[in-house]
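Topology and contacts: notes
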Amino acid sequence: MRHQTFNFQRSTGSSLKKWLFAFLAFFQLAAFADEPAAKSPWHQIVIIGASASAGFVLAEPFGGTNTTDCKLRFYLDAAITAPHLPLKDFSTALMFLNPDTFSQQQIEAACAAKPTLVIGVDFLFWSCYGDGLTDAERLQHFESGLQRLDQIPCPLVVGDIPDVSSATNSGIISAAQVADAAVRAAANARLKAWAAGRPQVTIVPLADFMRKISANEAVTVHDLTLPAGKTRVLLQADQLHPTPRGAALLALGILDALAAQQPEFSAKNIRWNPKGVFQLGYQDAAHQVRR
């Protein structure tokens, strides 16, 4: 009897071990199967930047429905067809109040999110614009912005510095805050030189985009051209911030530059339909407001 009991225990122990090994093997295989998705370049996208990214409407200085409609993240999300986690958005319309503090906070939050892609199309704007700065101080401040971006551990998309001097006509910025043409040219030249030594960095020609829509000129993104006379509607009356349709086209412009510079971000994973991107993004924004 003792011998029979002993055999039973050996048999039970052996079965339990086999079950445990099978259980562990299953989860190891499952984890391995998840690796390609986790390593996808689209996996975790993070947005940093100022009010063009965060969304801003002059009639809603503290936010509101129309402001939500202008948030860049909804249109980026609508344009990217590859599987990805929800976008993390650390941009803020308050960047102008203290660019140094807010930009460093955003960088730290972005790095903590373990991103596979960081998009900061207007992140450097207030490193060049702002009150009480000499031309030399603006360029020194801009250099500090580049140093902060050096902390980003993954592919990065950043915009160059646009001319928004016409926005002084709407009163949303003052003449004292505007960086003049020589400063902007020097900053953009420095940005190109900085990016040239960092292959993970993509520059979006934000300056060209803003100039064209402000002048109601034709704009081409990927294979689509919006004709002259049809692009001013992409810019709000404040002459500084994109409308929802402008945010949708800007999102595609960002992704167009990214796909051209970084082959791992395939153009096949992008919805190249501005109307479709606008509609999907706008719907998501409306859903966000209702929640």
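As shown above, the structure is provided for reference.
Description of the structure in this document. (Residues numbered from 1 in each chain as written. Predicted model: local features only at pLDDT ≥ 70, side-chain atom pairs only at ≥ 80, totals over all residues. Heavy atoms only, no water.)

**A short note on the overall build of the protein chain**
Applicable threshold: Only runs of H or I of at least four residues qualify as helices and only runs of E of at least two qualify as strands under DSSP, and these elements are numbered from the N terminus. In this scheme, a residue with accessible area under 20% of its type's maximum is buried, one over 50% is exposed, and one in between is partly exposed, where area comes from a 1.4 Å probe on protein chains only. Pairs of residues are marked as contacts when any of their non-hydrogen atoms sit within 4.5 Å. Residue-level accessible areas treat just the shown protein chains as cover; the underlying method is Shrake-Rupley with a 1.4 Å probe.
Looking only at helices and strands, one finds 11 helices and seven strands in the protein chain. For the protein chain, buried positions account for 44% of its 291 residues. Put simply, of all contacts in the protein chain between residues at least 6 apart along the chain, 72% involve residues at least 24 apart. Total accessible area on the protein chain stands at roughly 14,800 Å², and carbon and sulfur atoms take up 58% of it.

**Comments concerning the sheet that holds strand β4 (residues 156-159)**
This is how it is decided: Strands are treated as partners if at least two bridges between them are detected by DSSP.
Taken in spatial order, the five strands of this open sheet run β2-β1-β3-β4-β5, and their pairing is parallel. Looking at strand neighbours, the two that pair on one side only are β2 (88-89) and β5 (201-204), the edges of this open sheet. By the bridge criterion, two bridges tie strand β1 (residues 45-47) to β2 in an arrangement that is parallel. The partner of Val-46 across the bridge, within β2, is Lys-88.

**Some thoughts on helix α9 (residues 206-214)**
How we decide: Directions are taken from the helix axis to each C-beta atom, and the arc is the one they span.
Of all the positions in α9, only Leu-206, Ala-207, Phe-209, Met-210 and Ile-213 are classed as buried. Around the axis of α9, the buried residues are gathered within 165° of arc, so they sit on the same side. At its buried positions, α9 is contacted by β4, β5, β6 (219-221) and α10 (244-261). Downstream of α9 by a residue or two, Asn-216 has a phi angle that is positive, lying close to 60°.

**Quick notes on the pattern of salt bridges**
What counts is decided by this rule: Within this document, salt bridges are pairs made up of a side-chain nitrogen of Lys or Arg and a carboxyl oxygen of Asp or Glu, the two lying within 4 Å of each other.
Applying the stated criterion across every chain yields a total of eight salt bridges. With a closest N to O distance of 2.7 Å, Asp-150 and Arg-198 form a salt bridge. Here Arg-198 lies in the loop between α8 (181-196) and β5 and Asp-150 lies in the loop between α7 (135-149) and β4, a separation of 48 residues in the sequence. Note on Arg-198: relative accessible area 23%, which makes it partly exposed. Salt-bridge contacts for Lys-212 lead to Asp-208; the nearest nitrogen and oxygen are separated by 3.1 Å.

**A short note on the layout of surface pockets**
A water-sized probe, rolled over the atoms, reveals where empty space remains. Note the cut-off: Site definitions follow a grid-based scheme: protein atoms alone, a 1 Å grid, a 1.4 Å probe that fits but cannot get out for cavities, and for pockets an open set with protein on both sides within 12 Å along at least five of seven lines, plus lining residues having an atom within 4 Å of a point. Grid points are joined across faces, edges and corners, and a volume is the space filled by probe spheres set on the points.
Estimates place the volume of the largest pocket at around 340 Å³. Considering the residues around the largest pocket, the lining is formed by 18 residues, among which Ser-51, Phe-56, Ala-93, Leu-94 and Phe-96 are closest to the centre.

**Examining the packing of aromatic side chains**
The test is simple: Note on aromatic contacts: the rings of Phe and Tyr and the six-membered ring of Trp form a pair at centre separations within 6.5 Å, being stacked when their planes are under 30 degrees apart, edge-to-face when over 60 apart, and tilted otherwise.
Across all of its chains, the model carries five aromatic pairs by this definition. Measuring from centroid to centroid gives 6.0 Å for Phe-96 and Trp-126, while their planes differ by 45°, and the two rings are tilted. Linking Phe-96 in the loop between β2 and α5 (99-112) with Trp-126 in helix α6 (residues 125-128), this pair joins segments that are 30 residues apart in sequence. By relative accessible area, which is 41% here, Phe-96 ends up partly exposed. Residue Trp-126 is classed as buried on the basis of its relative accessible area of 8%. Taken together, a centroid distance of 5.3 Å and an interplanar angle of 40° make the contact between Phe-278 and Tyr-282 tilted. With a gap of four residues between them, Phe-278 and Tyr-282 both fall in helix α11 (residues 274-290), about one helical turn apart. What makes Phe-278 buried here is its relative accessible area of 13%.

**Quick word on the side chain of Arg-184**
With respect to the helices and strands, the residue Arg-184 is situated in helix α8. Classification of Arg-184 as buried rests on a relative accessible area of 13%. When sequence neighbours within four positions are dropped, the list of residues in contact with Arg-184 reads Tyr-129, Ile-161, Pro-162, Asp-163 and Ala-179.

**Quick word on empty space enclosed by the protein**
Spelled out, the test is: Residue polarity is assigned by list, with Asp, Glu, Lys and Arg as charged and Ala, Val, Leu, Ile, Met, Phe, Trp, Tyr, Cys and Pro as nonpolar; anything else, Gly included, falls into the polar class.
Under the defined criterion, the tally for this structure stands at two cavities of 30 Å³ or more. Approximately 150 Å³ is the volume found for the largest cavity. Residue composition of the lining of the largest cavity, by class: 12 nonpolar, two polar and one charged. Taken as a whole, the second largest cavity holds about 30 Å³ of empty space. For the second largest cavity, the full set of lining residues is Leu-149, Asp-150, Ile-152, Cys-154, Leu-156, Trp-194, Arg-198, Gln-200 and Val-201. Classifying every residue of the lining of the second largest cavity by side-chain character gives six nonpolar, one polar and two charged.

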